[in-house]
Each structure stands twice: as C-alpha cells, then as structure tokens.
Amino acid sequence: MHPELSRLIDEAETVAVLTGAGISTESGIPDFRSPGGIWSKFRIIDHSEFMTSEAARLEDWRRRFFMEDQLGEVKPNRGHQMIARLIASGKSPAVITQNIDGLHQVSGVPDEQVIEVHGNARHANCTFCGARHEIAECRQMLEATGKAPVCRQCGSIVKSAVIMFGEAMPEKAFARAVRLAEDCDLFLAMGTSLVVHPAALLPKYALRAGAKLVIVNREATELDPLADLVLNGEIGELAGD
Ligand code: NAD
Ligand code: ZN
C-alpha cells in the first residue's frame, strides 16, 4: 500500500470508504466510461417504462440474465480485499458503494456492512410486497411462461434490485451513508469519478464534519483540490498488498 495512505489509515479512528465502478475494473467489469462497456451499448430503460411495458420488462430481464452470467465469473480483486480487511479490523464500520456487482460481499464483507446506494444486480424484489427473488428463479419463470416474472407470493411485477433511472434512491441506505460520512475522521473515495449524485456529495459531508479526504482514482476528479491526499493510478497497486 502507498505509505501515505497507510499512515492516514493508521492515524484514523473511523474510516468511511466509498467505492465506484473503478474498484471493479481490475476484476474485469468495465466502468461507466469505458468504450464498449455494456452501459454504452444498451438503450436506457427507465423505471416508469419498466413498470408499464411488458416488452420493456422482457428486454430488461434479457440484460439482467446476461449480466448475471458475467457476474458469475468475476472475482474480487486487491482493492476489494483491502477494504474487506479494513472492515474486519473494526476500523471501518461499512463500505458505501455505487456498484451493483456485489463484489464487496463476495470478498467477505457481511451484507449489513455494505451500503448499496444504487442497489444490487444479484437478486430481485417484488415491486409490491418486497419479497426477494433470485435471478435464477426469475429466469426459470420467464423461460417457462415467456412472460416477465411475477411475484410468487402476490403476483405483482418483480424487478431486479438495481435502482433504475427514474426510480427513487434507497432512502435508508443513503441516510446511513450520510451518517457514516459525518461520523468518520477519514473518508476514502476509491474508483469513483465523483460526478454521479448523490454519492458525490458524501465526501463533502465528511469534510464539513472535519474528516480528512483521500481520493484514489486513475484520473482527476473535481474534488481533488479539497482532498488531503490524491493518489492517481491503479487501485490494486496503490491500496493493495
Ligand atoms: P465512473 O465510471 O463514473 O467512474 C469510475 C472511475 O474509476 C473513473 O474515474 C476511472 O478513471 C476510475 N478507474 C477505473 N478503473 C480504475 C482502477 N483500476 N484504479 C483506479 N481508478 C480506476 O463510475 P462511478 O463513479 O461508480 O459511477 C458510475 C455509475 O455506474 C454508478 O452509478 C454505478 O452504479 C454504475 N456502474 C456500476 C458498475 C459495477 O457495479 N461494477 C460498473 C459500471 C457502472
Ligand atoms: Zn409480491
């Protein structure tokens, strides 16, 4: 690990970590901006279209199954492992992530210590009663009926647990993230361009509450001038073992 980063972590009492797509690129998942990433290939289906159109739901599920297949093959990397160790040591209460890939959990962080502000692609929920459905189960339903999956309990529309465009942010998760930002004395932003709100606000809340800010990212971000330490480069090299 970079010696300055290591020193700041040693000196801190409570570390808040925020991760973006950049923490997972070393695992082989393209970030938002990479040309050819799946995000640039697909037309956006927003929440209201999903809820009102069976054709949109079928198309969304087709993408989810594609992603599920990809997620089955990816593994956490040195960046995820460093965060998992920080959390296991008790120094960091939770990791806040914009990612939907579930790799923090796979790296060993307990579910309740991963604050997912954009949801999770590894499962689905009923849009009415909230019952959890596995993606594999949804796939079986779609294959058996040719229709978009519906809730096994109440028959309502089932939707992947990813927060869609036009859908409300998960309020509880975001409130937890804000509390953590305000309670930490070191805020560590890793692999996020810090442009997607509201996650981009979290480092500012931390700074306002007196915390130090470290940014680890390949490219510059708008918050760099406010940071105590900016490390530009690969997360695995700068933060890993
Ligand atoms: P972003 O793509 O806007 O920013 C990622 C940043 O990470 C970029 O600035 C890039 O330069 C940097 N980066 C990439 N690889 C890196 C590496 N190995 N080391 C250091 N820096 C690296 O991503 P964002 O800020 O998370 O926002 C994009 C949105 O897209 C989020 O809402 C997220 O939910 C979604 N998304 C999620 C995933 C995922 O779950 N893995 C992947 C792509 C996009
Ligand atoms: Zn239901």
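### Focus on the sheet that holds strand 8 (residues 212-217)
Thinking step 1. Judged by pairing direction, the sheet is parallel, and its six strands sit side by side in the order 3-2-1-7-8-9 without closing on themselves. With one partner strand each, in any of the chains shown, strand 3 (114-116) and strand 9 (229-232) form the two edges of the open sheet. The sheet shows a mean angle of 15° between the axes of neighbouring strands, direction not considered.
Thinking step 2. On the sheet, helix 8 (residues 171-183) packs against strand 1 (15-19), strand 2 (95-97), strand 3 and strand 7 (186-190) and is oriented at approximately 125° with respect to strand 3.

### A few points about the coordination of the zinc ion (ligand 2)
Thinking step 1. Within the protein, the atoms that donate to the zinc ion (ligand 2) are Cys126 (SG), Cys129 (SG), Cys151 (SG) and Cys154 (SG), at distances of 2.3 to 2.4 Å.
Thinking step 2. Considering all four donor atoms around the zinc ion (ligand 2), angles at the metal cover 102 to 121° and the coordination shape is tetrahedral.
Thinking step 3. Note on Cys129: relative accessible area 37%, which makes it partly exposed.

### Comments concerning the nonpolar core
Thinking step 1. If you look at the biggest cluster of nonpolar residues, it comprises 25 residues, and the most contacted ones within it are Leu188 and Met190.
Thinking step 2. Take this core: its biggest share by element is five residues, from helix 5 (residues 78-88).
Thinking step 3. Sequence-distant contacts of Leu188, defined by excluding residues within four places in its chain, comprise Leu5, Ile9, Val15, Ala16, Val17, Leu18, Met82, Val214 and Val216.
Thinking step 4. Residues Val178, Ala199, Leu202 and Ile215 belong to the second largest nonpolar core, which totals 24 residues.

The rules behind these values
- Sequence order as written defines the numbering, with residues in each chain counted from 1.
- Written order decides the labels, with chains lettered from A and ligands numbered from 1.
- Thresholds applied to this predicted model are a pLDDT of at least 70 for local features of residues and 80 or more for the giving and counting of side-chain atom pairs; totals over whole chains, interfaces and linings are not thresholded and use all residues.
- Side-chain figures throughout are based on the complete set of non-hydrogen atoms in the structure, without hydrogens or water.
- The rule for pairing is simple: two strands pair if DSSP sees at least two bridges between them.
- Where helices and strands are cited, they refer to DSSP runs of H or I of at least four residues and of E of at least two residues respectively, numbered from the N terminus.
- Each axis is a line fitted through C-alpha atoms, and for a helix only the stretch in contact is used; angles between axes span 0 to 180 degrees, taken between their N-to-C directions.
- Note on definitions: a residue-residue contact is assigned when non-hydrogen atoms from the two residues lie within 4.5 Å.
- Listed donors are limited to N, O and S atoms within 2.8 Å of the metal, widened to 3.2 Å for Na, K and Ca; water is not among them, so incomplete-looking sites are possible.
- Each label reflects the angles at the metal, where four donors whose angles all fall between 85 and 135 degrees are tetrahedral, four or six donors whose opposite pairs open beyond 155 degrees and whose other angles stay between 65 and 115 are square planar or octahedral respectively, and the rest are irregular.
- Each residue gets one of three labels from its accessible area relative to the maximum for its type: buried under 20%, exposed over 50%, partly exposed in between, using a 1.4 Å probe on protein chains only.
- The set of buried Ala, Val, Leu, Ile, Met, Phe, Trp, Tyr and Cys residues whose side-chain atoms join them within 4.5 Å is what this entry labels a nonpolar core.

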